[in-house]
Amino acid sequence: MTSYPNSSSPAGSGAAARTGSRTGRRAAGTGRKRLDDDRREELLGRLQAIVLAEGFAGLTVDTLAARLQCSKSTLYAISSNRHHLVATALKSFFHDAAERVEKEVAEVADPAQQIAAYLAAVGHQMRRMSVACYEDMLDDDLTREIYTVNSLAATSRVRGMIHAGVESGDFRAVHAEFVSQSVGLLIDGIHSRELLVSTGLSSGDAFVELSDLVLGAVSKTAR
């Protein structure tokens, strides 16, 4: 997972620019309301909770303002339009999730258990996201790009762990790159929804299952 800086300008400027023209983007600059950091984080946390629980395809700025009991100008102080509000909320989620995952991994000493802990922690964080939100995220160009960046980061993180464990002798003698790429393909299958459709698992549950699979593949001791 990628730890994003807190920002109201999501990654993916090309997709953002295209969507912004369709959704009536407000121009940033003079006259735009300013929020103090505490108020911004409080609203962003509540916005994130709505998006994660319900998805966002049907959300409007009017609806969000009513539910968050604030003005639309207050929401525009977080991000310039409804599309970017959602993207900012999701980036905030992945930023928070990345910090939680790495905190869990740091508490594990055994290299094989570290990989399992990492993937399981990713799964536990993804369980915070409803099926509706996951579907909406993958159906939208900008938010899908945000998720893709995080999927690639997870693949890269696991690949590095596997190579390091094989080279240090902590793992049994497996072909590190083969195992790494296999994990990458499975993460791609979760990302594309192909594995989720065929197994009936949620994305979070799939990552937890993947952690057990990888642990069995690299561990020197029988499980």
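Residues numbered from 1 in each chain as written. Predicted model: local features only at pLDDT ≥ 70, side-chain atom pairs only at ≥ 80, totals over all residues. Heavy atoms only, no water.

Draft legend 1. Focus on unusual backbone geometry. Phi at Gln69 is positive, roughly 55°, even though this residue is not glycine. Positionally, Gln69 belongs in the loop between helix H3 (61-68) and helix H4 (72-76). Phi at Arg193 is positive, roughly 80°, even though this residue is not glycine. Within the secondary structure layout, Arg193 lies in the loop between helix H9 (176-192) and helix H10 (194-199). (Helix = DSSP H or I, 4+ residues; strand = E, 2+ residues; numbered from the N terminus.)

Draft legend 2. Here's a closer look at the packing of aromatic side chains. Within this structure, the stated rule accounts for 3 aromatic pairs. Taken together, the aromatic side chains of Phe93, Phe94, Tyr134 and Tyr147 make up a single cluster linked through ring pairs. (Phe/Tyr/Trp six-rings, centres within 6.5 Å; stacked < 30°, edge-to-face > 60°.)

Draft legend 3. Layout of the side chain of Asp136. Relative to the assigned elements, Asp136 resides in helix H7 (residues 131-139). Despite its burial, Asp136 pairs with no opposite charge; the closest candidate is Arg82, at 6.8 Å N-O. There is a polar contact of 2.8 Å between the side chain of Asp136 and the backbone nitrogen of Phe56. Setting aside its immediate chain neighbours within four residues, Asp136 contacts Gly55, Phe56, Ala57 and Thr143. (Buried < 20%, exposed > 50% of the residue type's maximum accessible area, 1.4 Å probe, protein only. Lys, Arg positive; Asp, Glu negative; His and termini not counted. Salt bridge = Lys/Arg side-chain N within 4 Å of Asp/Glu carboxyl O. Polar contact = N/O pair within 3.5 Å; in protein donor to acceptor, adjacent residues only side chain to side chain. Contact = heavy atoms within 4.5 Å.)

Draft legend 4. How the structure looks around the environment of Ala173. Position of Ala173 relative to the elements: it lies in the loop between helix H8 (141-168) and H9. For Ala173, a relative accessible area of 82% corresponds to the exposed category. Remark: the alpha-carbon pair of Ala173 and Lys220, spanning 47 residues in sequence, is separated by 8.6 Å.

Draft legend 5. Helix H11 (residues 203-218), seen in detail. Here H11 is 16 residues long and its end C-alpha atoms lie 23 Å apart, about the 22 Å a rise of 1.5 Å per residue gives. Against helix H6 (111-126), H7, H8, H9 and H10 lie the buried residues of H11. (Expected span 1.5 Å × (residues − 1).)

Draft legend 6. How the structure looks around the nonpolar core. Grouped together as the largest cluster of nonpolar side chains are 62 residues, with contacts concentrated most on Met126 and Met129. The element that contributes the greatest number of residues to this core is helix H5 (residues 82-106), accounting for 11 residues. If near-sequence neighbours (up to four positions away) are discounted, Met129 is found in contact with Leu52, Leu90, Phe93, Phe94, Tyr134 and Met137. (Core = buried A, V, L, I, M, F, W, Y, C linked by side-chain atoms within 4.5 Å.)

Draft legend 7. Molecular detail of the pattern of salt bridges. Following the criterion strictly, the structure yields 13 salt bridges and no others. Across the pair Arg40 and Glu41 runs a salt bridge whose closest N-O atoms are separated by 3.2 Å. Arg40 sits in the buried class, given a relative accessible area of 14%. Here Arg157 and Glu102 are joined by a salt bridge, their closest N and O atoms 2.8 Å apart. With Arg157 in helix H8 and Glu102 in helix H5, this residue pair connects regions lying 55 residues apart in the sequence.

Draft legend 8. Main features of the confidence of the model for the chain. In this model, the chain carries a mean pLDDT of 84, and residues with pLDDT of at least 70 account for 85%. For residues 5-30, every residue scores under 50 in pLDDT, and the model assigns this stretch 35 contacts once sequence neighbours within four places are set aside. (pLDDT = per-residue confidence, 0-100.)

Draft legend 9. Geometry of the packing of H9 against H11. Interhelical geometry of H9 versus H11 gives an angle of 170° and a closest axis separation of 11 Å. The angle between H9 and H11 places the two elements in the roughly antiparallel class. Read as a crossing pair, H9 and H11 show a hand that is right-handed. Together, Val179, Val183, Leu186, Ile187 and Ile190 of H9 and Ser203, Ala206, Phe207, Leu210, Leu213, Val214 and Val218 of H11 make up the contact between the two elements. Here the contact of H9 with H11 is built from residues that sort into 11 nonpolar, 1 polar and no charged. (Axes fitted to C-alpha atoms, helices over the stretch in contact; angles between N-to-C directions. Parallel < 35°, antiparallel > 145°, perpendicular 65-115°, else oblique. Left-handed = near helix turned anticlockwise from the far one by under 90°. Nonpolar A, V, L, I, M, F, W, Y, C, P; charged D, E, K, R; others polar.)

Draft legend 10. Spatial organisation of the side chain of Asp140. Mapped onto the elements of the fold, Asp140 is located in the loop between H7 and H8. Summary of buried charges: Asp140 has no salt-bridge partner, and the nearest side chain of opposite charge, Arg82, is 5.7 Å away. At a separation of 2.7 Å, a polar atom in the side chain of Asp140 contacts the side chain of His83. Among all residues touching Asp140, those that are not within four sequence positions of it are Phe56 and His83.

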